[in-house]
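Structural features, examined
What follows is the residue order along each chain.
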Amino acid sequence: MPLFESGTFASGTAEDLRFSVNLSILFTELPLLERPAAAAAAGFDAVELWWPWPDSPTPAPAALDALRRAIEDAGVQLTGLNFYAGQLPGPARGALSLPGEESERFRANVEVTAGFAASLGCTALNALYGNRVPGVDPAAQDALALENLVLAARAADRIGAILLVEALNRIESPHYPLVDAPAAVAVADRVNEVTGLGNATFLMDLYHLSMNGEDLPRVIDTYAHRTGHVQIADNPGRGAPGTGSLPLAGLLDRLRKAGYDGRIGLEYKPGDRPSAEAFDWLPPLIPHPRGTPR
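Here the structure is a predicted model, which means the values were calculated and not measured. (Residues numbered from 1 in each chain as written. Predicted model: local features only at pLDDT ≥ 70, side-chain atom pairs only at ≥ 80, totals over all residues. Heavy atoms only, no water.)

Between its terminal C-alpha atoms helix H6 (residues 181–195) stretches 21 Å, which fits the 21 Å expected from 15 residues at 1.5 Å a residue. Considered for burial, the residues of H6 that qualify are Ala181, Ala184, Val185, Val187, Ala188, Val191, Asn192 and Thr195. For H6, the buried positions fall inside an angular range of 155° around the axis, keeping them on one side. Residues of H6 that are buried in the fold lie against helix H5 (138–158), strand S5 (162–166), strand S6 (200–205), helix H7 (206–211) and helix H8 (216–223). At the N-terminal boundary of H6, the capping side chain belongs to Asp180, with an oxygen 2.8 Å from the backbone nitrogen of Ala183. Gly196 occupies a position one or two residues after H6 and carries a positive phi of about 70°. (Helix = DSSP H or I, 4+ residues; strand = E, 2+ residues; numbered from the N terminus. Expected span 1.5 Å × (residues − 1). Buried < 20%, exposed > 50% of the residue type's maximum accessible area, 1.4 Å probe, protein only. Arc of directions from axis to C-beta. Contact = heavy atoms within 4.5 Å. Polar contact = N/O pair within 3.5 Å; in protein donor to acceptor, adjacent residues only side chain to side chain.)

Here the structure, examined in full by the defined rule, presents nine aromatic pairs. Ring centres 5.6 Å apart and planes at 55° place the aromatic pair Phe83 and Phe106 in the tilted group. Separated by 23 residues along the polypeptide, Phe83 in the loop between strand S3 (77–82) and helix H4 (101–119) and Phe106 in helix H4 bring together distant segments of the chain. Taken individually, Phe83 and Phe106 each receive the classification buried, so the pair is uniform in this respect. The rings of Phe19, Phe27, Phe44, Tyr268, Phe279 and Trp281 are connected pair by pair, giving a single aromatic cluster. (Phe/Tyr/Trp six-rings, centres within 6.5 Å; stacked < 30°, edge-to-face > 60°.)

Attention now moves to the side chain of Asn199. When you line up the elements, Asn199 lands in the loop between H6 and S6. Excluding anything up to four places from it in sequence, Asn199 contacts Ala153, Ala156, Asp157, Ala161, Ile162, Leu163 and Asn192.

Turning next to the packing of H5 against H6. One way to put it is that H5 packs onto H6 with a least axis distance of 10 Å and a crossing angle of 70°. Relative to H6, H5 is oriented roughly perpendicular. Relative to H6, the crossing made by H5 is right-handed. Here Leu146, Leu149, Val150, Ala153 and Arg154 of H5 come into contact with H6, specifically with Val187, Arg190, Val191, Val194 and Thr195. Residue composition of the contact of H5 with H6, grouped by class: seven nonpolar, one polar and two charged. (Axes fitted to C-alpha atoms, helices over the stretch in contact; angles between N-to-C directions. Parallel < 35°, antiparallel > 145°, perpendicular 65-115°, else oblique. Left-handed = near helix turned anticlockwise from the far one by under 90°. Nonpolar A, V, L, I, M, F, W, Y, C, P; charged D, E, K, R; others polar.)

Attention now goes to the confidence of the model for the protein. Per-residue confidence for the protein gives a mean pLDDT of 93; residues scoring 70 or more make up 91%. Low confidence marks residues 6–12, where pLDDT is under 50. Its contacts with residues over four positions away, or in another chain, come to 12 contacts. Confidence drops under a pLDDT of 50 for residues 285–291, and excluding neighbours within four residues, the segment shows 12 contacts in the predicted structure. (pLDDT = per-residue confidence, 0-100.)

It is worth spelling out the sheet that holds strand S4 (residues 124–126) at this point. What the eight strands build is a closed barrel, ordered S1-S2-S3-S4-S5-S6-S7-S8; its pairing is parallel. Averaged over all neighbouring strand pairs, the angle between strand axes comes to 30°, with direction disregarded. Across two bridges, the pairing between strand S1 (residues 19–22) and strand S2 (residues 46–49) is parallel. Pairing of Asn22 across the sheet is with Glu48, part of S2. Contacts between H4 and the sheet are confined to S3 and S4, with S3 contributing the most and set at about 170° to the helix. (Pairing = 2+ DSSP bridges.)

Set out below in structure tokens:
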């Protein structure tokens, strides 16, 4: 049964939601260049991505061109993109606060990411903060992070995009310093103070916040107006909505009523099935000439 048939949603709310599929966690059974078309075939008109080349902050132009064509040919909109963040998935949780080579790689990536996003009309760029480094003063890391986030915010502003600052969860990311909503929002506020641009916003990932034990209704009520993007997965397990115990229908309804009208990023694991079969929790879709957009 679709999640939204539970009666939790107000009438018509489910149909008002707009989703984007994260192609770095869904459809990964396919080569990268085949994933945009697979998302379109599943009925979605928007996709988002972690930085697709974790080993290279500055991939060859041919690689960028090939991914751009795959997205354009699929007829989907790229709505979110991460800056270079190191090995993701893997041990890294960002590069911008890491002194030395990784910070330099982030800086080299800023204009590449912004340029690629601009070419596809993508207006949300996510900058993962990075883990604490043993033996390095946290204050020095925070100063470096602010410097690099300011660079990223200015690059995003030049293409009409927002900068996203994300809180992760302390269980899976014990060395990541932004492990609750107030910490991430405070960093975004500091970036805005320095730049004066006001384009640094909160990425509200309900899975990560739930793993931290945060009061999700209170987070929504407090920070919906500061939120640039929302991502979801159920908990426990980081699976599709309905596979865990999070009341996601009610939480998304609360978000809508709090004024959030942006995309909902689907950033969950499909489980032991093809990704195309991991959307049975969605409500029935309205027919569309190109398919059934969600």
